[in-house]
Amino acid sequence: QIPRIFLIGWSMTGSQCDNPTMGFGITIIDRYIVREVITTWLAVMFVLLIVVTSVEIVQLLKWFLQGELTTNTVLPMFINSQLKVVVLLIPVSLFLGVLLALSRLYMDSEMTAMMSGGIGPKQWFHSMLMVTLPISLMVLIMMLYMRPWVALQRAEINADIRNISIISTFASGRFNRSPDGEAVIFMEDISKDGKSMKGIFQRFNKDGSSHVDLAPSARSERHDTGLDYMLFEQGHHYIGVPGEPDYQIIEYSEYGVLVPKPEDRNYPLRVQALSTKELWDSDNPEHKAELDWRISLPVATLVIVMMALPLSQTTPRGGRYSKLALGILLYLIYSNLLGVGKAWISKGIVPYWIGTSWVHVLGVITLYILLRQSGLVTKKNRSDVKTPEINT
């Protein structure tokens, strides 16, 4: 198998080989590596987003069936959750994308071909920075501005859910359980505004007896006192004990059922919804921890992605995924240490001016150790740089 990097070299003319740049100091090799990395990153991002989206859809359906969400709030809640997750998926997906892309280059002996042509780690770092720096900057902007906006929107959605009537959470064609679990209501059809219903069945227990209502229609009305009622029209009310023959049957033209108010759930404005300026001006340790987290994630993205370069070093026999487990382990350790550092800041154990910088220092040291062990960085001359063997 001929490495594709040789094909790139053969496709260039003599003048291109003398100066193989694409302008602004971007070489053909830079463009080739950047294209491979971005393509793999987007593929990994898509797969992770599908997995997270599936879990989120299941959770939203659960809340919807339990009556905690209405048809008008499901889509805004879903979009809000996706925006929140995307920011957190960018670092891990970029790390895995770089690791997989460079591992393929090693496995196909393309990295060996580059080193044989005099293209070494310095050029590879240049290509990696062309990808990582813009994406880290994008993560920084998203953390500083989009993260508080998304958290604020979620608080507003929760406030809307808290203020809606329980009737608007009912769906036609299925059995709806009241929030207290005492009553079950079935309706064949309900209007979009929840004001009128048809084909009503209701059952609840009271004083040891079963109460059943059957009505062809019902409507929702609000009393002058502010209480909501369901008014059953031209229906029948059955009272009795299941299995006993003595049932009471009451025929009525209108029968009002009090609709309990939604449970008073308090959704305080979380620290994630505060603007970056508010966090900067505050002396609250919890606010400082949130500010440090917004800055730390882009820095961690830059450091952890650089670790993918030595971790991706492999041989054709080693396989493309030989160091994937080690890479995931290092990422988990790094992210968990950032979480510990954030908790220490919020509790006042670590001063804010130190923050989570110690985690990034450990990350840089780990990066240097990996580079030394892989032979990509050495104190020896360039000619002594270790070159992976080509297995034929």
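Conventions adopted
- Residues numbered from 1 in each chain as written.
- Predicted model: local features only at pLDDT ≥ 70, side-chain atom pairs only at ≥ 80, totals over all residues.
- Heavy atoms only, no water.
- Pairing = 2+ DSSP bridges.
- Helix = DSSP H or I, 4+ residues; strand = E, 2+ residues; numbered from the N terminus.
- Phe/Tyr/Trp six-rings, centres within 6.5 Å; stacked < 30°, edge-to-face > 60°.
- Lys NZ or Arg CZ within 6 Å of the ring centre and 35° of its normal.
- Core = buried A, V, L, I, M, F, W, Y, C linked by side-chain atoms within 4.5 Å.
- Buried < 20%, exposed > 50% of the residue type's maximum accessible area, 1.4 Å probe, protein only.
- Contact = heavy atoms within 4.5 Å.
- pLDDT = per-residue confidence, 0-100.
- Polar contact = N/O pair within 3.5 Å; in protein donor to acceptor, adjacent residues only side chain to side chain.
- Expected span 1.5 Å × (residues − 1).
- Arc of directions from axis to C-beta.
- Axes fitted to C-alpha atoms, helices over the stretch in contact; angles between N-to-C directions.
- Parallel < 35°, antiparallel > 145°, perpendicular 65-115°, else oblique.
- Left-handed = near helix turned anticlockwise from the far one by under 90°.
- Nonpolar A, V, L, I, M, F, W, Y, C, P; charged D, E, K, R; others polar.

Draft legend 1. Structural context of the pairing of strand β3 (residues 196-206). With seven bridges joining them, strand β2 (residues 183-190) and β3 adopt antiparallel strand pairing. Looking across to β3, one finds that Ile 190 is bridged to Met 197. Hairpin geometry of β3 and strand β4 (residues 209-222) is characterised by an intervening segment of two residues between the two adjacent antiparallel strands and by a positive phi of about 55° at Asp 207.

Draft legend 2. Expanded view of the packing of aromatic side chains. Evaluated as defined, the whole model comprises four aromatic pairs. Seen in terms of ring centroids, Phe 232 and Tyr 255 are 6.2 Å apart; in terms of plane orientation they differ by 35°. Their pairing is tilted. Highlighted residues: Phe 232 in strand β5 (residues 228-240) and Tyr 255 in strand β6 (residues 248-259), separated in sequence by 23 residues. An aromatic cluster of at least three residues, connected via ring pairs, comprises Phe 232, Tyr 252 and Tyr 255. One cation-aromatic arrangement involves Lys 288 over Trp 280; the distance from NZ or CZ to the ring centre is 5.8 Å. Across the ring face of Tyr 352, the terminal group of Lys 288 is positioned such that the distance to the ring centre comes to 5.0 Å.

Draft legend 3. How the structure looks around the nonpolar core. In terms of nonpolar packing, the biggest core is built from 53 residues, with Ile 33, Val 98, Leu 102, Trp 124, Met 307 and Tyr 334 touching the most fellow members. Looking at this core, the elements that each hand over two or more residues are α3 (28-65), α4 (71-107), α5 (110-116), α6 (121-163), α8 (285-311), α9 (324-346) and α10 (357-374). If you tally residues by element for this core, the top one is α4, at 15 residues. Among all residues touching Leu 102, those that are not within four sequence positions of it are Ile 33, Met 111, Met 128, Ala 308, Leu 309 and Ser 312. In this structure, Met 187, Met 197, Ala 218 and Met 230 belong to the second largest nonpolar core, which totals 13 residues.

Draft legend 4. Just the confidence of the model for the protein chain, in detail. When pLDDT is averaged along the protein chain, the result is 78; 78% of the residues meet or exceed 70. Segment residues 5-24: pLDDT under 50, and 22 contacts once partners within four positions in sequence are set aside and those in other chains are kept. Predicted confidence for residues 380-388 stays below pLDDT 50, and this span has 15 contacts to residues more than four positions away or in other chains.

Draft legend 5. A look at the environment of Arg 294. Tracing the backbone shows Arg 294 in helix α8. As a C-alpha pair, Arg 294 and Thr 276 span 18 residues in sequence and 8.7 Å in three-dimensional space. For Arg 294, the residues in contact, after removing those within four places along its chain, are Leu 140, Met 143, Leu 144, Arg 147, Pro 148, Val 271, Gln 272, Leu 274, Ser 275, Thr 276 and Leu 279. A distance of 3.2 Å separates polar atoms of two side chains, one belonging to Arg 294 and the other to Thr 276.

Draft legend 6. Inspection of the pairing of β4 at higher detail. Bridge count between β3 and β4: ten bridges; the pairing is antiparallel. Within β4, the position partnered with Ile 200 by the bridge is Ala 215. With eleven bridges connecting them, β4 and β5 associate as antiparallel partners. Along β5, the bridge assignment pairs Arg 219 with Leu 231.

Draft legend 7. Structural view of α10. In this model α10 runs 26 Å from its N-terminal to its C-terminal C-alpha over 18 residues, within 8% of the 26 Å that 1.5 Å per residue would give. Turning to α10, its buried residues are Val 359, His 360, Gly 363, Leu 367, Leu 370, Leu 371 and Ser 374. The arc that holds the buried residues of α10, viewed along the axis, is 115°, so those residues lie on one side. At the exit of α10 stands Gly 375, carrying a positive phi of roughly 85°.

Draft legend 8. Broad picture of the sheet that holds β6. Pairing is antiparallel in the open sheet, where six strands are placed in the order β1-β2-β3-β4-β5-β6. One side of each edge strand has no neighbouring strand; the edge strands of this open sheet are β1 (175-177) and β6. Across this sheet, the average inter-strand angle for adjacent strands is 30°, counted without regard to direction.

Draft legend 9. Highlighting the packing of α4 against α8. Close contact between α4 and α8 brings their axes to 8 Å; oriented N to C, the two are set at 15°. Considered as vectors, α4 and α8 are oriented roughly parallel to each other. In this structure, the crossing between α4 and α8 has a hand that is right-handed. Taking contact as the criterion, the partners of Val 87, Leu 88, Pro 91, Leu 94, Phe 95, Val 98, Leu 99, Leu 102 and Tyr 106 in α4 are, on α8, Leu 297, Thr 301, Ile 304, Val 305, Ala 308, Leu 309 and Leu 311. In terms of residue class, the contact of α4 with α8 is built from 15 nonpolar, one polar and no charged.

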